[in-house]
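# Chain and residue survey
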Amino acid sequence: MQKITEKTLVMVKPDAVVKGFVGKVLTYFEDQGLKIVAAKMVHLSKEEAKKFYYVHQQRPFYESLTEFMSSAPILAVVLEGENAISRVREIMGATNPKEAKPGTIRSSLAENVERNAVHGSDSPESAAYEIPFFFNQLELCSYNL
Ligand code: CMP
């Protein structure tokens with residue numbers, strides 16, 4: 001696979017935040033050499049959650065998902081690294097924890113398909129929407145690991 005340096009948006013979701021799993025979730029990514037270049041704790045309103053997940057507005061789980069995502073704070077994080085978008089998705093595991101490979105975040109820490117501990121951008125187009133949703137240019141740091 002061609003190596004490209006990418007940024008991707010991760011959210012530690014409310015279920016993981018209230019269980020005290022923030023540090024654990026970040027460790028999965030840091031241990032794989034992904035660099036945290038921005039981080040912010042935010043309690044989304046229902047409207048903000050709906051705006052973030054607008055691509056799912058026709059899905060039957062949209063109401064419940066956005067209710068859950070606004071029920072407690074999330075930690076929004078930008079990770080940077082080679083092929084960061086696909087690597088983060090591998091480290092997270094399948095959306096449904098029942099289908100997630102052992103050793104992935106969702107296999108270890110998620111409750112169910114909705115309360116699945118973590119979100120990661122699914123494409124460069126999603127990352128281009130999701131990163132500026134939370135962070136401006138000044139908030140994205142640049143440094144060498
Ligand atoms: P995420 O990676 O944040 O992207 C969309 C979210 O919708 C997903 O994780 C889950 O939290 C939620 N989701 C996806 N499929 C379902 C489903 N079948 N039922 C309930 N929630 C879902």
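Above this text is the structure in question.
Conventions we followed
Residues numbered from 1 in each chain as written. Predicted model: local features only at pLDDT ≥ 70, side-chain atom pairs only at ≥ 80, totals over all residues. Heavy atoms only, no water. Near = heavy atom within 4 Å. Polar contact = N/O pair within 3.5 Å; in protein donor to acceptor, adjacent residues only side chain to side chain. Areas by Shrake-Rupley, 256 points an atom, 1.4 Å probe, with all protein chains shown as cover. Nonpolar A, V, L, I, M, F, W, Y, C, P; charged D, E, K, R; others polar. Salt bridge = Lys/Arg side-chain N within 4 Å of Asp/Glu carboxyl O. Helix = DSSP H or I, 4+ residues; strand = E, 2+ residues; numbered from the N terminus. Buried < 20%, exposed > 50% of the residue type's maximum accessible area, 1.4 Å probe, protein only.

### Remarks on the site of the ligand
As a matter of local geometry, the ligand sits amid Lys13, Tyr53, His56, Phe61, Leu65, Thr95, Arg106, Val113, Glu114, Asn116 and His119. Lys13 has a polar side-chain atom sitting 2.8 Å from an oxygen atom of the ligand. With respect to the ligand, the side chain of His119 contributes an N or O atom lying 2.8 Å from an oxygen atom. For the ligand, the protein covers 77% of the area, taking 460 Å² as the surface of the free molecule. A breakdown of the residues in the shell around the ligand according to their chemical character gives 4 nonpolar, 4 polar and 3 charged.

### A closer look at the pattern of salt bridges
According to the stated counting rule, one finds 8 salt bridges in the structure shown. The partner of Lys7 in a salt bridge is Glu80, with the nearest N and O atoms 3.0 Å apart. Of this pair, Lys7 sits in strand 1 (residues 5-12) while Glu80 sits in strand 3 (residues 74-82), and the two are 73 residues apart along the sequence. Under the relative-accessibility criterion, Lys7 is labelled partly exposed at 31%. Where Glu80 meets Lys35, a salt bridge forms, and the shortest distance between an N and an O atom there is 3.4 Å. Here Glu80, found in strand 3, pairs with Lys35, found in strand 2 (residues 35-42); they are 45 residues apart in sequence, far enough to count as distant. Linked by salt bridges that have partners in common, Lys46, Lys50, Glu63 and Glu67 make up one network.

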